[in-house]
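Per-entry structural report
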Amino acid sequence: MLLPARSRFPAAALPDEVARALGRAQHHVRDPGEAAQLQRHFTVAPAGEMPAAALTRQLDAGDAQGHLWLRADPAHVVPDMHGARMMGHGDTLRPGHDDVVALLPALQPLFADHGLVLDAPVASRWYLQVPADLPLPRFASPEDVLGDDLFSHLPSGREGRRWRALLTETQVVLHTHPWNAERIAAGSSPINSLWFWGAGALPATVTTPHAQVRSRDALLRALAQAAGVQIDGEQTVDALVDLRQLRSLEQLGRDAITPLLAALQRGELRQLVLDFEDGTQFVFMRSQRWSFWKKPRQLHDERPPAG
């Protein structure tokens, strides 16, 4: 299971059977962060930054091969006394086809002047096709920016200057666009910025040890497609199950872990791995039922229990 950081769950008690199994499980500490978490399950070649834009472009439009891509997702930015904060992006803004039709034509000439092609095959995922010889700075993932000071995450240096200027010009166009007044009147947040991220070309190869991926997340589905493994489908094969949206400890313990522990004891599973975004991993195996002397453990315990 792919899971969010443990800090996303309340510091409450797990069901007794889950706490006992957690105390007996193998405990590992891996590198934290979303990128490191995905890299534990997918190997992308050539190695480097995850080219999220090219991967999801191939999923969305099937034309990523041979080009350099950058995501330019719609975003909602709120000014504050220190600068501005991103309060929504992509799917969280629930953009629709009407948003694309209204806003894209106003922005496309701006990017065309810089040799960039902007389009949106999916309303929540906008793309820039970038010239292959254009050096790109490092861009921050929107998950790292959300709720934080926007300007502290802007690309730096000479290569970043072009993109900082483009972002400013984009915000001017969107701030004055009448369509955003209609979004506000309808009770939706305005799309008053874009966020550039995920730069790269389609990988030569993507591999994974899993036979199946079950997720609604576009990047995870794109990685599965690139690796040539099943997306969703029957729950009878080794699968990577994406539960990063979970925030309820009760749901995690009762609905997710408990049934799989029962399947593990019946011999229907070889092992169960909980992989948290903070780098914590727990590995459950059937043979651990004999380690009855080990004390129960709660999710937020930092060290394995003694004994």
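Note that the coordinates shown come from a computational prediction; the quantities given were computed from them, not determined experimentally. Each chain has its residues counted from 1, running along the sequence as written. Selection of residues for local features in this predicted model requires a pLDDT of at least 70, selection of side-chain atom pairs for listing and counting requires 80 or more, and totals for whole chains, interfaces and linings are taken over all residues. Note: side-chain values were computed over all heavy atoms of the structure, leaving out hydrogens and water.

With that settled, the discussion passes to the side chain of Arg6. Strands here are runs of E lasting at least two residues and helices are runs of H or I lasting at least four, both read from the DSSP assignment and numbered beginning at the N terminus. With respect to the element layout, Arg6 can be found in the loop between strand S1 (2-3) and helix H1 (16-24). Burial classes follow relative accessibility: with a 1.4 Å probe on protein chains only, a residue under 20% of its type's maximum area counts as buried, one over 50% as exposed, and anything between as partly exposed. By relative accessible area, Arg6 is classed as buried at 8%. Among the polar contacts made by the side chain of Arg6, one reaches the main-chain carbonyl oxygen of Leu299 at a distance of 3.0 Å. Contact partners of Arg6, with chain neighbours within four places excluded, come to Phe276, Asp278, Thr280, Arg297, Leu299, His300, Asp301 and Glu302. Two N or O atoms form a polar contact when they lie within 3.5 Å of each other; inside protein one atom must be a possible hydrogen donor and the other a possible acceptor, and for residues adjacent in sequence the pair counts only when both atoms belong to side chains. Note on contacts: a residue pair qualifies if any of its non-hydrogen atoms lie within 4.5 Å across the two residues.

Between the rings of Phe, Tyr and Trp (Trp by its six-membered ring), a pair exists once the centres lie within 6.5 Å; its type follows the angle of the planes, with under 30 degrees stacked, over 60 edge-to-face, and the other angles tilted. One pass over the structure, following the stated rule, counts 5 aromatic pairs. Look at Trp69 and Tyr127: their rings are 6.4 Å apart centre to centre, the planes differ by 85°, and that puts the pair in the edge-to-face class. One end of the pair, Trp69, is in strand S4 (residues 68-80); the other, Tyr127, is in strand S7 (residues 125-130), with 58 residues separating them in the sequence. Given the relative accessible area of 0%, Tyr127 is considered buried. Any Lys NZ or Arg CZ found within 6 Å of a ring centre and within 35 degrees of that ring's normal is scored as a charge over the ring. Sitting above the plane of the Tyr127 ring, Arg57 keeps its charged end 5.2 Å from the centroid.

What follows covers the nonpolar core. Residues belong to one nonpolar core when they are buried, are Ala, Val, Leu, Ile, Met, Phe, Trp, Tyr or Cys, and are joined through side-chain atoms within 4.5 Å. Ranked by internal contacts, the top residues of the largest apolar core, which has 59 residues, are Phe111, Trp126, Leu128, Trp163, Trp195, Phe196 and Leu223. Membership of the second largest hydrophobic core comes to 22 residues, among which are Leu14, Val18, Leu246 and Leu261.

Turning next to helix H9 (residues 249-265). The span expected for a helix works out to 1.5 Å for each residue beyond the first. Taking 1.5 Å per residue as the helical rise, H9 with its 17 residues ought to reach 24 Å, and the 22 Å between its terminal C-alpha atoms agrees with that figure. Here the bend at a residue means the angle between the axes of two seven-residue stretches, the one that ends at it and the one that starts at it. When the local axis directions of H9 are compared, the greatest deviation, roughly 40°, occurs at Ile257, which is followed within four positions by the proline Pro259. Of the positions making up H9, those classed as buried are Leu249, Leu252, Gly253, Ala256, Ile257, Leu261, Ala263 and Leu264. At the exit of H9 stands Gly267, carrying a positive phi of roughly 85°.

Between any two strands, pairing holds if DSSP finds at least two bridges. Spatial ordering of the open sheet is given by S1-S13-S14-S2, a layout of 4 strands whose pairing is mixed. In the strand order of this sheet, the two ends are held by S1 and strand S2 (26-29), each with one partner. As judged from the 4 bridges shared by S2 and strand S14 (residues 280-285), these two strands associate in the antiparallel manner. Counted as the bridge partner of His28 is Gln281 from S14. In this analysis an axis means a line fitted to C-alpha atoms, helices contributing only their contacting stretch, and an angle means the value between N-to-C directions, from 0 to 180 degrees. Relative to the sheet, H9 contacts S1, strand S13 (271-276) and S14, its axis offset from that of S13 by approximately 150°.

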